Amino acid sequence: MTRHGKNCTAGAVYTYHEKKKDTASSGYGTQSVRLGKDAIKDFDCCCLSLQPCRDPVVTEDGYLYEKEAILQYILHQKTDIAKKMKAYEKQKKALKSEGQLESKSEERERAENFKQRENNIVSKPINPFTSEKSKDEGSQKGSSSSSSSDTGASSSSSALPSFWIPSLTPEAKPTLLKKPSKTVLCPMSGRPIKMSDLISVRFTPLDPSLDRVALLTRQDRYVCAVTKDTLGNSVPCAVLRPSGAVVTMECVEKLIQKDMIDPVTGDKLKEKDIIPLQRGGTGFAGSGVTLKAKEARPVMQA
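Residues numbered from 1 in each chain as written. Predicted model: local features only at pLDDT ≥ 70, side-chain atom pairs only at ≥ 80, totals over all residues. Heavy atoms only, no water.

## Quick notes on the nonpolar core
Part 1 of the reasoning: Counting 38 residues, the largest nonpolar core has Tyr 65 and Ile 256 as the members making the most contacts within it.
Part 2 of the reasoning: Those elements that provide at least two residues to this core are strand E2 (56-58), strand E3 (64-66), helix H2 (67-121), strand E7 (237-240), strand E8 (246-248), helix H5 (249-259) and strand E9 (274-276).
Part 3 of the reasoning: With sequence-adjacent residues up to four places away left out, Tyr 65 is seen in contact with Cys 46, Cys 47, Leu 48, Cys 53, Asp 55, Pro 56, Val 57, Thr 59, Ile 70, Cys 186, Pro 187 and Met 188. (Core = buried A, V, L, I, M, F, W, Y, C linked by side-chain atoms within 4.5 Å. Buried < 20%, exposed > 50% of the residue type's maximum accessible area, 1.4 Å probe, protein only. Helix = DSSP H or I, 4+ residues; strand = E, 2+ residues; numbered from the N terminus. Contact = heavy atoms within 4.5 Å.)

As structure tokens, this is what we get:
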């Protein structure tokens, strides 16, 4: 027996199952998929390489990066900005030279127009020995030259550029480059980032006797530097700027914020020295992280 309840075509209601089925088969409409735990980054992984960090650093917004990966990203962005700036300066010089040529041509046209006006003011002497035949011949020559110029203009006007190629249309203009910004932006937050703003992070391993390979194979790898609670995506944690130690937000609220002293180094802390670490989700809707991925596609409208 077929699943008639989910494929009923005689019903007056367009069910959610039918709509979802038609959307998937037609290729129209935005599709949304709920992400699972496997699609979420761990809290100790780099935001660029998505691998556990060997030498972790954190930005002032709390995004964790591998030091080598973020430095390569900053250098690549700087070289790209330098190339764009070079192309912009080249375009600027070309536009400046074109403007100078246009100004020179305008001055030349003004001078020629002035000469023509001056010549028209002076009356030409009339030669009484010229016959009317010569005048008629001159007028015929002038008409023939004007007709030839008209045919040439019509032939040139008929050779129009290609309308189906955007760069060859009559209205097509060269694309002007905008002046690029010299600031390097963080790939996650979109805010300016500098090498000097990166803060080194020191995770406290759960078992100091384990090497790196054995540590990465375990699910619970690091603990809080003060309370020794296990860290994970479900545990909100923060980085202390002076020491780079990673502690839980519960430890920050109950212990550190009372006297504002770094428990590792003993340095005085400020509010900006406590950086909440941006972590991934847990796979549960209650973790406060958006767990849906959307793919925008064309929509059929009646």
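Back to the write-up after that little detour.
## Describing the sheet that holds E2
Two pairing modes exist for strands in a sheet, parallel and antiparallel, and in both the strands are linked by backbone hydrogen bonds.
Part 1 of the reasoning: If you trace the three strands from one edge of the open sheet to the other, you get E3-E2-E4, paired in antiparallel fashion. Looking at which strands have only one partner, the edges of the open sheet turn out to be E3 and strand E4 (199-200).
Part 2 of the reasoning: By the bridge criterion, three bridges tie E2 to E3 in an arrangement that is antiparallel. Along E3, the bridge assignment pairs Val 57 with Tyr 65. (Pairing = 2+ DSSP bridges.)

## Focus: H5
The α-helix advances 3.6 residues per turn, and as a result positions three or four apart in sequence lie on the same side.
Part 1 of the reasoning: Residues of H5 that are buried: Cys 251, Val 252 and Ile 256. Angular distribution of buried residues about the axis of H5 spans 90 degrees; they occupy a single face of the element. Looking at H5, the residues exposed on the side facing more than 90 degrees away from the buried face are Glu 253 and Lys 258.
Part 2 of the reasoning: Packed against the buried residues of H5 are E7, E8 and E9.
Part 3 of the reasoning: Looking at the residues trailing H5, positive phi occurs at Met 260, about 55 degrees. (Arc of directions from axis to C-beta.)

## Some details on the sheet that holds E7
Part 1 of the reasoning: Reading across from one edge, E8-E7-E9 is the order of the three strands in this open sheet, with antiparallel pairing throughout. Taken across any chain shown, the strands that pair with only one partner, and hence form the sheet edges, are E8 and E9. For this sheet, the mean inter-axis angle between neighbouring strands, taken without regard to orientation, is 35 degrees.
Part 2 of the reasoning: Here three bridges tie E7 to E8, and the two strands are oriented antiparallel to one another. Residue Ala 238 lies in a different strand from E8, and its bridge partner there is Val 247.
Part 3 of the reasoning: In this fold H5 packs onto E7, E8 and E9, with an angle of close to 80 degrees to the strand it touches most, E8. (Axes fitted to C-alpha atoms, helices over the stretch in contact; angles between N-to-C directions.)

## Considerations on the packing of aromatic side chains
Part 1 of the reasoning: Tallying each qualifying case throughout the model produces two aromatic pairs.
Part 2 of the reasoning: Summarising the aromatic geometry, the rings of Phe 43 and Phe 203 are spaced 5.9 Å apart at their centres and angled 80 degrees between planes, so their arrangement reads as edge-to-face. Taken as a pair, Phe 43 in the loop between strand E1 (31-34) and E2 and Phe 203 in the loop between E4 and strand E5 (204-205) lie far apart in primary sequence, 160 residues in all. Like Phe 203, Phe 43 is buried. (Phe/Tyr/Trp six-rings, centres within 6.5 Å; stacked < 30°, edge-to-face > 60°.)

## Quick look at the side chain of Asn 233
Part 1 of the reasoning: Within the secondary structure, Asn 233 sits in the loop between strand E6 (222-223) and E7.
Part 2 of the reasoning: Classification of Asn 233 as buried rests on a relative accessible area of 12%.
Part 3 of the reasoning: Within polar-contact distance, the side chain of Asn 233 engages the backbone nitrogen of Phe 43 at 2.8 Å. (Polar contact = N/O pair within 3.5 Å; in protein donor to acceptor, adjacent residues only side chain to side chain.)

## Overview of a positive patch on the surface
Part 1 of the reasoning: On the surface, Lys 92, Lys 96, Lys 179 and Lys 182 cluster together into a positively charged patch.
Part 2 of the reasoning: Counting through the fold element by element, Lys 92 comes out in helix H2.
Part 3 of the reasoning: With a relative accessible area of 48%, Lys 92 lands in the partly exposed category. (Patch = residues over 30% accessible without salt bridge, like charges linked within 9 Å, V, L, I, M, F, W, Y side chains within 5 Å. Areas by Shrake-Rupley, 256 points an atom, 1.4 Å probe, with all protein chains shown as cover. Salt bridge = Lys/Arg side-chain N within 4 Å of Asp/Glu carboxyl O. Lys, Arg positive; Asp, Glu negative; His and termini not counted. Charge placed at Lys NZ, Arg CZ, Asp CG, Glu CD.)

## Thoughts on the pattern of salt bridges
Part 1 of the reasoning: Going through the model one piece at a time under the given rule, you end up with six salt bridges.
Part 2 of the reasoning: Here Asp 61 ties to Arg 191 by a salt bridge, and the two come within 2.8 Å at their closest N and O atoms. Taken together, the positions of Asp 61 in the loop between E2 and E3 and Arg 191 in the loop between helix H3 (132-158) and E4 put the pair 130 residues apart, joining distant regions of the chain.
Part 3 of the reasoning: Residue class for Asp 61 comes out partly exposed when judged on its relative accessible area of 22%.
Part 4 of the reasoning: For Lys 254, the salt bridge goes to Glu 250, with nearest N and O atoms at 3.0 Å. Of this pair, Lys 254 and Glu 250 both sit in helix H5, four residues apart, which is roughly one turn of the helix.

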